[in-house]
Protein chains: 2
Amino acid sequence: MTVSPFRLICRSSKSAARRGEVRTAHGTFQTPIFMPVGTQATVKGVTPENLKELGAQIILGNTYHLFVRPGHQLIKQLGGLHKFMNWDRPILTDSGGFQIFSLSDLAKITEQGAAFKSHLDGSDLFLSPEDAIEVQEALGSDIMMCLDTCIPYPSSRDETIAATELTARWAKRSRVAHQNRDQLLFGIIQGGMYEDLRAQAIEQLVEIGFDGYAIGGLSVGEPVEIMREMTEKTIALMPDDYPKYLMGVGTPEDLVESVYRGVDMFDCVMPTRNARNGMLFTSTGRLVIKNARFRDDHRPIDEACDCYVCRHYSRAYLRHLYMAREILSSQLNTIHNLHYFVSLMAKMRQAIEDDRFEKFRDDFYAIRSNQDRA
Amino acid sequence: MTVSPFRLICRSSKSAARRGEVRTAHGTFQTPIFMPVGTQATVKGVTPENLKELGAQIILGNTYHLFVRPGHQLIKQLGGLHKFMNWDRPILTDSGGFQIFSLSDLAKITEQGAAFKSHLDGSDLFLSPEDAIEVQEALGSDIMMCLDTCIPYPSSRDETIAATELTARWAKRSRVAHQNRDQLLFGIIQGGMYEDLRAQAIEQLVEIGFDGYAIGGLSVGEPVEIMREMTEKTIALMPDDYPKYLMGVGTPEDLVESVYRGVDMFDCVMPTRNARNGMLFTSTGRLVIKNARFRDDHRPIDEACDCYVCRHYSRAYLRHLYMAREILSSQLNTIHNLHYFVSLMAKMRQAIEDDRFEKFRDDFYAIRSNQDRA
């Protein structure tokens, strides 16, 4: 049995929402937390200083991408991922399972591991659970994830059982391969959309014993109601004294609903990817910056926002940058969107501490529905 | 006669190099100076804070680009270019003449002005000398440039005479149109590669009277020796108590050689454009970051550089970002290259103050030739 890196600070009295912190080799982060995604050893469009200024406490790196380019051995040789990318706060690396599943049409999963083709040059690559640990140990991330097999939606019960069982066997092998105890290792709960298989997956993972547990295989195309239901049911069965991480989720609404159901950790490309496509998040809803009505709009993106972008730039300027395809468009939009996600989590943490999370959640929706009429 | 915004601080005792400063409505900048180019109301890839941190004192905006998109009236309505782009230090705007010349195959120059097609949508546009002033007054730049007719290289003497005379008549009209005396107005010296025509152009411009004088029509394809010779001869004929600006120049070597010949002000897209293409400037020469030999190079771009990038990132990381086509590649490369150009000017200013500019120039070449052997 491992000592949990999670410390509970307080609970909401009227929901499963909880406030805590997770200790890692590069410092402690506060939960519930959103982790910006730094796919290729950079969070696209922003510097580490931008990330710190907007309040990011931990970022995510993608094992698959770094394995393919520039290679984990090179990063290790250069002092590890933190030094390579100039980020001294915690980093979580995913296992590569999801990218192999989503990027490679030709992935072949066997008992041994995943054979796949590089998305860059089509070359043949292979990643076993042990390899995924080796890669992540070379990267030196603070939190590693076990290689898992992501289950598409919809999948039959038999397919789901097979993939979930394989994920459990891989989790066991990952635990055995795990050498560097400065790096935490999280297990990934599969089980598809079957509650009993989720329960069984949790049981198997807890028996192996991990430093945290993640819900995988959600946000893969299922209706949002099913995602919320599966989150709620799975969270309730997860060991309460360990971090609970919902992988790859989600919209601001998803974050609020999932915190309400007890999730501690999130990651998603949505704020960064949407930023580059000109879709901005605000306290009153979404805003598509290329819209002609912003042409001469002197207001900031969000009048309730105090981020660097909202303090210094107008919607008209941001629209101009977007229309002119300027690099600064991606930079500023990314800073704003990440600030929105990171601040939303900070506000939720404060609301839980003050035991007014349900009020916060009501207000969150009230402001947004007002705007839809504006 | 106008009061010159230029104040001479000191001169080199062994060359025409000089150290001074230019007073504008947004503050005083030190000469010799390099102005980063902010074509579309942004210096591509960097924030105003990046520019300040790397020491930029004044930037250049492009009248043509801002006229075409988003439009000068819009920028005026939003409080002017400084506010629009969040830059509170001096801005020089060019007149649009060079862009009309270089971007539009279908530009038609008449006595009245330049008729041309938008590079964005092919629509018909027209810019007279008076229009160029109106646009720049709407933008609110600190230094405006007269609309000129850029002369291709090579051009016959007759063609050069005609274009130079037209530029002089346009300069007169620009001066008359100039209303806002908070904005300085510089005349542009044409005359092609003919020394006597350059002399005549200067005479005509000085008679009209401007706040500064710029050498136009160099760096348009002529051999570097001709450019240097024309610079030297033209500079010598320019009024010494006004700023001397060499437009669109150039390489680090060009800057050193032109300061040596008495130039006060420069602008060029080279540091920013080359940065985005992965070509980096260092104290010992140029470096193409995609080169395979940088794959595992833990050193900074330039071990003699103290810029943000060189303090925090390795060549290996910058190569990775470039190969992965990450936005941060353009950001970091631009910060480094601009820092190189801006620092080079600061070093030249100090060398002139210490009256050791010729030693500085010798050392500049000595370090570079050493590296070519390394």
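Draft legend 1. Region of interest: the overall build of chain A. Secondary structure summary: chain A contains 15 helices and 17 strands in total. For chain A, the C-alpha radius of gyration of 20 Å lies close to 21 Å, the compact-globule estimate for 374 residues. Dimensions of chain A along its principal axes, counting C-alpha atoms only, are 60 × 50 × 40 Å. Across the 374 residues in chain A, those meeting the buried criterion constitute 62%. Restricting the contact set of chain A to residue pairs at least 6 apart, pairs at least 24 apart contribute 68%. Approximately 14,300 Å² of chain A is accessible, and the part contributed by carbon and sulfur atoms is 50%.

Draft legend 2. Layout of the pattern of salt bridges. Inspection of the entire model under this criterion finds 52 salt bridges over all chains. A salt bridge links A:Lys52 to A:Asp88, with the shortest nitrogen-to-oxygen separation between them at 2.8 Å. Here A:Lys52, found in helix α1 (residues 48-53), pairs with A:Asp88, found in the loop between α4 (81-85) and β7 (91-93); they are 36 residues apart in sequence, far enough to count as distant. A:Lys52 sits in the partly exposed class, given a relative accessible area of 30%. Among the ionic pairs, B:Arg261 bridges to B:Glu257, the shortest N-O distance being 2.8 Å. No difference in accessibility class separates B:Arg261 from B:Glu257, as the two residues are buried. The network of salt bridges with common partners includes A:Arg11, A:Arg18, A:Asp240, A:Lys244 and A:Asp264.

Draft legend 3. Expanded view of the confidence of the model for chain A. Mean pLDDT over chain A works out to 95, with 98% of the residues at or above the 70 mark. Per the prediction output, this complex has pTM 0.97; the corresponding ipTM is 0.97.

Draft legend 4. Fine view of the relation of the copies chain A and chain B. At an RMSD of 0.0 Å, chain A and chain B line up after a rotation of 180° and a shift of 0.0 Å along the axis. What we have between these two chains is a two-fold relation. Considering only C-alpha atoms, the part of chain A nearest the rotation axis is A:Ile327, at 3.7 Å. A shared binding surface is used by both copies, with 100% of the interface residues of chain A retained as interface residues in chain B.

Draft legend 5. Molecular detail of the layout of surface pockets. Estimated volume of the largest pocket: approximately 860 Å³. Secondary-structure elements contributing two or more residues to the lining of the largest pocket are α5 (97-103), α9 (224-237) and α11 (270-276) of chain A. Ranked by residue count, the leading element in the lining of the largest pocket is α5(A), at five residues. Here the residues of the lining of the largest pocket are counted per class, giving 16 nonpolar, 18 polar and eight charged. The volume enclosed by the second largest pocket comes to roughly 690 Å³. Forming the walls of the second largest pocket are 33 residues, and the residues nearest its centre are B:Asn62, B:Phe98, B:Gln99, B:Asp267 and B:Val269.

Draft legend 6. How the structure looks around the sheet that holds strand β1 (residues 6-11) of chain B. Residue and element names in this part refer to chain B. Strand order in the open sheet formed by three strands is β1-β2-β3, with antiparallel pairing between adjacent strands. Edge positions in the sheet fall to β1 and β3 (27-31), since each has one partner strand and no second. This sheet shows a mean twist of 15° between the axes of neighbouring strands, independent of strand direction. With five bridges joining them, strand β2 (residues 18-24) and β3 adopt antiparallel strand pairing. Directly across from Arg-23, in β3, lies its bridge partner Thr-28. Docked against the sheet, helix α14 (residues 327-353) engages β1, β2 and β3, running at close to 120° with respect to β2.

Draft legend 7. Here's a closer look at the packing of aromatic side chains. All chains considered together, the criterion is met by 30 aromatic pairs over all chains. Here A:Phe364 and A:Tyr365 contribute two aromatic rings whose centre-to-centre distance is 5.2 Å and whose plane-to-plane angle is 80°, an arrangement assigned as edge-to-face. On the accessibility criterion, A:Phe364 (6% relative accessible area) is buried. For A:Tyr365, a relative accessible area of 31% translates into the label partly exposed. Seen in terms of ring centroids, B:Phe34 and B:Phe341 are 5.0 Å apart; in terms of plane orientation they differ by 55°. Their pairing is tilted. With B:Phe34 in strand β4 (residues 33-35) and B:Phe341 in helix α14, the pair connects residues that are 307 residues apart, well separated along the chain. With relative accessibility at 0%, the residue B:Phe341 sits in the buried group. Geometry around B:Tyr260 places B:Arg361 over its ring, the cationic atom sitting 3.6 Å from the centre.

Draft legend 8. The arrangement of the side chain of A:Ser4 in detail. Residue and element names in this part refer to chain A. With respect to the helices and strands, the residue Ser-4 is situated in the segment before β1 (6-11). The exposure class assigned to Ser-4 is buried, which follows from its relative accessible area of 14%. At 3.0 Å, the side chain of Ser-4 and the backbone nitrogen of Phe-6 are in polar contact. Only 2.6 Å separates the side chain of Ser-4 from the backbone oxygen of Asp-241, close enough to count as a polar contact. Residues within four places of Ser-4 in sequence aside, it is in contact with Arg-23, Asp-241, Tyr-242 and Pro-243.

Draft legend 9. Representation of the pairing of β2(B) in the model. All names here are of chain B. A large share of β2 lies buried, amounting to six of its seven residues. As paired elements, β1 and β2 share five bridges and run antiparallel to each other. Residue pairing in the sheet places Arg-7 in a bridge with Glu-21 of β2. From the end of β1 to the start of β2, which pair antiparallel, there are six residues. The turn linking β2 back onto β3 is made up of two residues.

Criteria and cut-off values
- What you see as residue numbers is a count from 1 along each chain, following the sequence as written.
- Numbering of ligands from 1 and lettering of chains from A proceed in the order in which they are written.
- Restriction of local features to residues with pLDDT of at least 70 applies here, the model being predicted, together with a cutoff of 80 or more for giving and counting side-chain atom pairs; totals for whole chains, interfaces and linings are based on all residues.
- Excluded from the side-chain calculation are hydrogens and water; included are all heavy atoms of the structure.
- Runs of H or I in DSSP of at least four residues are treated as helices and runs of E of at least two as strands, each being numbered from the N terminus.
- Only C-alpha atoms enter the radius of gyration; for comparison, a globular chain is expected to reach 2.2 Å times N to the power 0.38, where N is the number of residues.
- Only protein chains enter the calculation, and the probe is 1.4 Å; a residue is then buried if its accessible area is under 20% of its type maximum, exposed if over 50%, and partly exposed in between.
- Should any heavy atoms of two residues lie within 4.5 Å, those residues are counted as being in contact.
- Accessible surface area values rest on a Shrake-Rupley calculation with a 1.4 Å probe, where residue burial reflects the displayed protein chains alone.
- By definition, a salt bridge exists where a carboxyl oxygen of Asp or Glu is found within 4 Å of a side-chain nitrogen of Lys or Arg.
- As a per-residue measure, pLDDT tells how confident the predictor is, with possible values from 0 to 100.
- Least squares is the method for superposing the copies, and the C-alpha atoms it fits come from residues with pLDDT of at least 70 in both.
- Using protein atoms alone on a 1 Å grid, points that fit a 1.4 Å probe yet trap it form a cavity, whereas open point sets bounded by protein on both sides within 12 Å along at least five of seven lines form a pocket; residues with an atom within 4 Å of a point count as lining.
- Grid points are joined across faces, edges and corners, and a volume is the space filled by probe spheres set on the points.
- Residue type decides the class: Asp, Glu, Lys and Arg count as charged, Ala, Val, Leu, Ile, Met, Phe, Trp, Tyr, Cys and Pro as nonpolar, and the leftover types, Gly among them, as polar.
- Here the rule is simple: two strands pair whenever DSSP picks up at least two bridges between them.
- What counts as an axis is a line fitted to C-alpha atoms, over the stretch in contact for a helix, and the angles between N-to-C directions run from 0 to 180 degrees.
- Between the rings of Phe, Tyr and Trp (Trp by its six-membered ring), a pair exists once the centres lie within 6.5 Å; its type follows the angle of the planes, with under 30 degrees stacked, over 60 edge-to-face, and the other angles tilted.
- Note on criteria: charge over ring means Lys NZ or Arg CZ within 6 Å of the ring centre, with the direction from the centre no more than 35 degrees off the ring normal.
- Polar contact is the term for a pair of N or O atoms within 3.5 Å; when the atoms are in protein, one must be able to donate a hydrogen and the other to accept it, and sequence-neighboring residues count only if both atoms are side-chain atoms.

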